[in-house]
Amino acid sequence: GLNIELEIHSLTAELESLKNPQGLGLSSHLDGLREENAKLKYRLNVLKRSLQEERSQCSKTMMNINQRLQEIFGEAIREACPDLENPPLAVTPNQQAKFGDYQCNSAMAMAQMMKSKGLKVNPRQIAENIQQNIPDNELIEKTEIAGPGFINVHLKRSFVSKLLTNLLLNGVQPPPLESKKKVVVDFSSPNIAKEMHVGHLRSTIIGDSMCRLFEFLGYDVLRLNHVGDWGTQFGMLIAHLQDKFPNYLTVSPPIGDLQAFYKESKKRFDEEEDFKKRAYQCVVKLQSKDPAFIKGWNLICDVSRNEFQKVYNCLDIQIIERGESFYQEKMTAVVKEFEAKGLVEMDEGRKIVFAPGQQIPLTVVKSDGGYTYDTSDLAALRHRLFDEKADIIIYVTDSGQGTHFQVVFAAAQMIGWYDPNVTRVEHAGFGVVLGEDKKKFKTRSGDTVRLMDLLDEGLKRSMDKLKEKDRDKVLSTEDLTKAQRSVAFGCIKYADLSHNRINDYVFSFDKMLDDRGNTAAYLLYAFTRIRSIARLANIDEAALRKAAETTEVLLEHDKEWKLGKCLLRFPEILQKILDDLLLHTLCDYLYELATTFTEFYDSCYCIEKDRQTGEVVKVNMWRMLLCDATAAIMAKGFDILGINPVSRM
């Protein structure tokens, strides 16, 4: 495939050079060139066709139909209007089936572009011109021009059917990767000795799902937990530890409730002058790496880590801890580097850095000589770029930190650490979590909600829901517990991921456990039902496998056709999320797939049963294959969202 593409590339370049021969006024020479040109064009078309065939046959990966149509229309537009610089390329799935399957609406935008150059052209004329230049291809049945210049595309049913067979034989495979990029995702990142709160929950769920998407697509992903494990608060915590458990160096201190411990030490810090002084001395000792203080620091971090891990275990999160303390040594070097390039200014004893286009400076050294978040974030970014050699770095934190990251990224570009056209460094922000009263999410007494309490309540609510449906009467205890966890944690994740992350989000157990509408509860039930269709018809894996190898997936009924096309949109959905990191698109897609499947199942019989005996009389095999393909895509979608369906529910 690659060799063909390279040859196509060089031939195209050769053709271009033949188009404008420099002052060669010899007609015989021109004839020679024309002949040469015709030969090259012929060879080019042969190559393009073989590339297409190679794509559609050997491809174990799923084809992105939208992208393929963009290639085809891109070529047609270049042929139709060779003089337009960067013509707009717009291909979208059609909203109304009667107009076809996809639609290219570039003609209107192109007419606008030409108008701005003083050329008046009717967009319909442009559309016709594009239509005439559509190259030979494997997937378009016919095109029609509608309205002001929309080009409606009808796909070949046989082609869609072939792609579905590929999907059934190879499983849900990611689209081909051009190069294996290194991705760093910085997410979750709670603070040691403080409770994880719902903001961390959002970051954890969204970040984990982004990682799962990159991993499925074949990238090399590093999941980092940038915990707050360094700073002045450790002075008061260690001072309090020394008073409360003086033998902490030899006997492990039973700090059960770190919250209470933190509050006690904070109270003393605010009220007792001596204690405050000692706390500051402890910070100095800790920063000079005194072994006794490092031990105390480690003990406190461990208690916190165990608390965090309980949450990660519930939600099935893999993450590597690399806290602020990891970058301590590296911060000094970063400050020196900025100073060496003359980018540091003094401001009332502080060292600050102004980045181009940013109002707020970064404070890299405080007046007391200490470092700040700005310094540690710069050091972390530098390490991820140079030591981890990341091509993509994503920070998943609340939108409130958007400006901070903008300034950090601008400073890193100014000093030449990365070029945004080459390396993608991005802050993926998210809104606040609100209670059902649309106010800040708090307990009745006004405290922050503890995450473990929240997850426990989710488990309780999910069990109530299952019992309400009498599932406890049909499922074994083990299956019931599995279903309980699947529904509880699946619903908490899906409720978060199915909203645009940029908006604030109202947390409501009632809404997320409702099995009507776009919720995990609905999708998990739908999925279990789809999976059970083959089981109830006594069709096993082997029979489905054989059918996939021998039965053509017919798409004659319009509900079969609609479902088939919906299944094959999966790669383009993933591509869109890769571009904008908005995971609710995947949730919307899964919900659309489930409802499209229901329409199909209601109008197209898959199994005929005898009215009297209930025995299976007739099985429609290609429809069973459509059920199977739907389950496969849903399972992969769940996997990317971090939702774990169970076989019986």
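As recorded in an unreviewed UniProt entry, the protein goes by the name Arginine--tRNA ligase, cytoplasmic, listed as coming from Oncorhynchus mykiss. Quoted verbatim from the Catalytic activity (unreviewed entry) heading of the UniProt record, the comment on the protein is "tRNA(Arg) + L-arginine + ATP = L-arginyl-tRNA(Arg) + AMP + diphosphate".

Draft legend 1. Spotlight on the overall build of the protein. Secondary structure summary: the protein contains 24 helices and 16 strands in total. When the backbone C-alpha atoms are referred to their principal axes, the protein occupies close to 95 × 85 × 40 Å. Among the 649 residues that make up the protein, the fraction classed as buried is 49%. For the protein, the proportion of contacts with a sequence separation of at least 24, taken over those separated by at least 6, is 73%. Of the accessible surface of the protein, which amounts to about 32,100 Å², a share of 50% is contributed by carbon and sulfur atoms. Side chains of the protein carry 86 positive and 92 negative charges; the gap between the two charge centres is 2 Å.

Draft legend 2. Structural context of the sheet that holds strand β7 (residues 320-321). Strand order across the open sheet formed by 5 strands is β7-β6-β5-β11-β12, with parallel pairing between neighbours. Strands at the two margins of the open sheet, each flanked by one partner only, are β7 and β12 (424-427). Strand direction decides the pairing type here: strand β11 (residues 392-395) and β12, joined by 4 bridges, are parallel. Of the residues in β12, the one forming a bridge with Tyr395 is His427. Contacts from helix α13 (residues 373-386) reach β5 (182-186), β6 (220-225), β11 and β12 within the one sheet, and its direction differs from that of β11 by about 150°.

Draft legend 3. Local environment of the environment of Met649. Within the fold, Met649 resides in the segment after α24 (621-641). Residues within four places of Met649 in sequence aside, it is in contact with Arg471, Leu475, Ala483, Val487, Leu524, Tyr525 and Thr528.

Draft legend 4. Spotlight on helix α19 (residues 520-536). Compared with an ideal rise of 1.5 Å per residue, which puts 17 residues at 24 Å, α19 spans 24 Å between its outermost C-alpha atoms and is within 8% of the ideal. Of all 17 residues in α19, 13 are buried; the element is thus mostly enclosed. Just beyond α19, the residue with positive phi is Asn538, at close to 55°.

Draft legend 5. View of the packing of aromatic side chains. Summed over the entire model, instances satisfying the criterion amount to 16 aromatic pairs. Pairing Phe269 with Tyr280 gives two aromatic rings, centres 5.9 Å apart and planes at 70°, and the pair type is edge-to-face. A residue pair is termed long-range when its members are at least 10 positions apart, and Phe269 in helix α9 (residues 258-271) and Tyr280 in helix α10 (residues 273-287) qualify at 11 residues. Note on Tyr280: relative accessible area 47%, which makes it partly exposed. Each ring, one from Phe326 and one from Tyr327, has its centre 5.0 Å from the other, and the planes form 80°; the classification is edge-to-face. Assessed through its relative accessible area of 34%, Phe326 is described here as partly exposed. Exposure remark for Tyr327: the relative accessible area of 0% places this residue in the buried category. One aromatic cluster in this structure is built from Phe441, Tyr505, Phe507 and Phe509. Across the ring face of Phe386, the terminal group of Arg382 is positioned such that the distance to the ring centre comes to 4.5 Å.

Draft legend 6. Spotlight on the nonpolar core. By size, the foremost hydrophobic cluster in this structure holds 169 residues, and its most contacted members are Phe570 and Leu586. Sequence-distant contacts of Leu586, that is, excluding residues within four places in its chain, are made with Phe570, Ile573, Leu574, Ile577, Gly637, Ile640 and Leu641. Residues Leu224, Val334, Val407 and Phe409 belong to the second largest nonpolar core, which totals 32 residues.

Draft legend 7. Geometry of the packing of helix α11 (residues 291-315) against helix α15 (residues 451-468). Interhelical geometry of α11 versus α15 gives an angle of 30° and a closest axis separation of 10 Å. Between α11 and α15, the angle falls in the class roughly parallel. α15 is crossed by α11, and the crossing has left-handed handedness. Listed contacts from α15 to Lys310, Val311, Cys314 and Leu315 of α11 are Leu451, Met452 and Leu455. A class-by-class count of the residues in the contact of α11 with α15 yields 6 nonpolar, no polar and 1 charged.

Draft legend 8. Quick look at the UniProt feature "domain: DALR anticodon binding" (unreviewed entry) in the protein. Mapped onto the present numbering, the UniProt feature "domain: DALR anticodon binding" (unreviewed entry) falls on residues 523-649. When the span residues 523-649 is considered, its composition is 69% helix and 6% strand, and the gap between its end C-alpha atoms is 12 Å.

Draft legend 9. Geometry of the state of the cysteines. Scanning all chains against the criterion turns up 0 disulfides. Unpaired in this structure, Cys211 has its nearest cysteine sulfur neighbour in Cys587, at a distance of 16 Å. With a relative accessible area of 0%, Cys211 lands in the buried category. Here Cys491 is not disulfide-linked; the sulfur of Cys587 is the nearest cysteine sulfur, at 12 Å.

Draft legend 10. Local environment of the sheet that holds strand β8 (residues 345-347). The 3 strands lie next to each other as β8-β9-β10, forming an open sheet whose pairing is antiparallel. Strands at the two margins of the open sheet, each flanked by one partner only, are β8 and β10 (362-365). Between one strand axis and the next, the sheet turns through 45° on average, direction left out of account. Summarising the sheet, strand β9 (residues 350-353) and β10 pair through 3 bridges and their orientation is antiparallel. Looking at β10, one finds that Val353 is bridged to Leu362.

Draft legend 11. Fine view of the pairing of β5. Burial of β5 is extensive: 5 of the 5 residues sit out of reach of the surface. Every second residue of β5 is oriented toward a common face, with Lys182, Val184 and Asp186 on one face and Val183 and Val185 on the other, all of them buried. Alignment of β5 against β6, held across 5 bridges, turns out to be parallel. In the strand pairing of β6, Val185 is matched with Arg223.

Draft legend 12. Geometry of the packing of helix α17 (residues 477-497) against α19. Running from N to C, α17 and α19 point in directions that differ by 130°, and their axes come no closer than 8 Å. One element, α17, and the other, α19, form an angle in the oblique class. Of the residues in α19, those touching α17 at Ser486, Val487, Gly490, Cys491 and Tyr494 are Ala520, Ala521, Leu523 and Leu524. Partitioned by chemical class, the residues of the contact of α17 with α19 number 7 nonpolar, 2 polar and no charged.

Draft legend 13. A look at the pairing of strand β3 (residues 140-146). In this sheet, strand β4 (residues 150-155) lies alongside β3 in antiparallel orientation, the contact comprising 6 bridges. Each bridged residue has a counterpart across the sheet, and for Ile145 the counterpart in β4 is Ile151. A loop of 3 residues connects β3 with β4, the two strands running antiparallel in sequence, and Gly147 in this loop sits at a positive phi of about 55°.

Draft legend 14. Here's a closer look at the pattern of salt bridges. This model, assessed by the stated rule, comprises 42 salt bridges. In this structure, Arg223 engages Asp208 in a salt bridge whose closest nitrogen and oxygen atoms are separated by 2.9 Å. Separated by 15 residues along the polypeptide, Arg223 in strand β6 and Asp208 in helix α7 (residues 198-216) bring together distant segments of the chain. Judged by relative accessible area, Arg223 falls into the buried class, the value being 10%. Among the salt bridges present, the one from Lys469 reaches Asp515, with a minimum N-O distance of 2.9 Å. Residue Lys469 is located in the loop between α15 and α16 (471-474), and its partner Asp515 is located in the loop between α18 (509-512) and α19; the two are separated by 46 residues in the primary sequence. A residue is classified by how much of its surface remains accessible, and Lys469, at 34% relative accessible area, is partly exposed. Counted as one network, the salt bridges with shared partners bring together Asp208, Arg212, Glu215, Arg223, Asp316, Lys636 and Asp639.

Cut-offs used in this document
- Every residue gets a number counted from 1 within its own chain, in the order that chain's sequence is written.
- For this predicted model, a pLDDT threshold of at least 70 governs which residues receive local features, and a threshold of 80 or more governs which side-chain atom pairs are given and counted, while totals over whole chains, interfaces and linings are taken from all residues.
- The side-chain figures draw on all heavy atoms in the structure; neither hydrogens nor water molecules are used.
- UniProt positions are given in the numbering used here, feature names are shortened, and annotations may be inferred rather than shown by experiment.
- Where helices and strands are cited, they refer to DSSP runs of H or I of at least four residues and of E of at least two residues respectively, numbered from the N terminus.
- Partly exposed residues are those whose accessible area sits between 20% and 50% of the maximum for their type, while under 20% is buried and over 50% is exposed, using a 1.4 Å probe and protein chains only.
- Residues are treated as being in contact if the distance between any of their heavy atoms lies within 4.5 Å.
- Using a 1.4 Å probe, the Shrake-Rupley method yields the accessible areas, and only the shown protein chains count as cover for residues.
- Charge counting treats Lys and Arg as positive and Asp and Glu as negative, with His and both chain ends excluded.
- The location of each charge is read from NZ of Lys, CZ of Arg, CG of Asp or CD of Glu.
- Any two strands are treated as partners once DSSP identifies two or more bridges connecting them.
- Every angle, taken between N-to-C directions, lies between 0 and 180 degrees, and every axis is a line fitted to C-alpha atoms, over only the stretch in contact when it is a helix.
- Here the expected length of a helix is defined as 1.5 Å per residue gap, with one fewer gap than residues.
- We call Phe, Tyr and Trp rings a pair once their centres come within 6.5 Å, taking the six-membered ring for Trp, and we label the pair stacked below 30 degrees between planes, edge-to-face above 60, and tilted otherwise.
- By definition here, charges over rings are those cases where NZ of Lys or CZ of Arg is within 6 Å of the ring centre and within 35 degrees of the ring normal.
- What makes a nonpolar core is a set of buried Ala, Val, Leu, Ile, Met, Phe, Trp, Tyr and Cys residues whose side-chain atoms join them at distances within 4.5 Å.
- To sort the angles, those under 35 degrees are grouped as roughly parallel, those over 145 as roughly antiparallel, those from 65 to 115 as roughly perpendicular, and the leftovers as oblique.
- Take the far helix as the reference: if the near one is turned anticlockwise from it by less than a right angle, the crossing is left-handed, and if turned clockwise, right-handed.
- Amino acid classes used here: Ala, Val, Leu, Ile, Met, Phe, Trp, Tyr, Cys and Pro are nonpolar; Asp, Glu, Lys and Arg are charged; the rest, including Gly, are polar.
- The term disulfide is used for any two cysteine sulfur atoms that are within 2.5 Å.
- Salt bridges are defined by distance alone: a side-chain nitrogen of Lys or Arg within 4 Å of a carboxyl oxygen of Asp or Glu.

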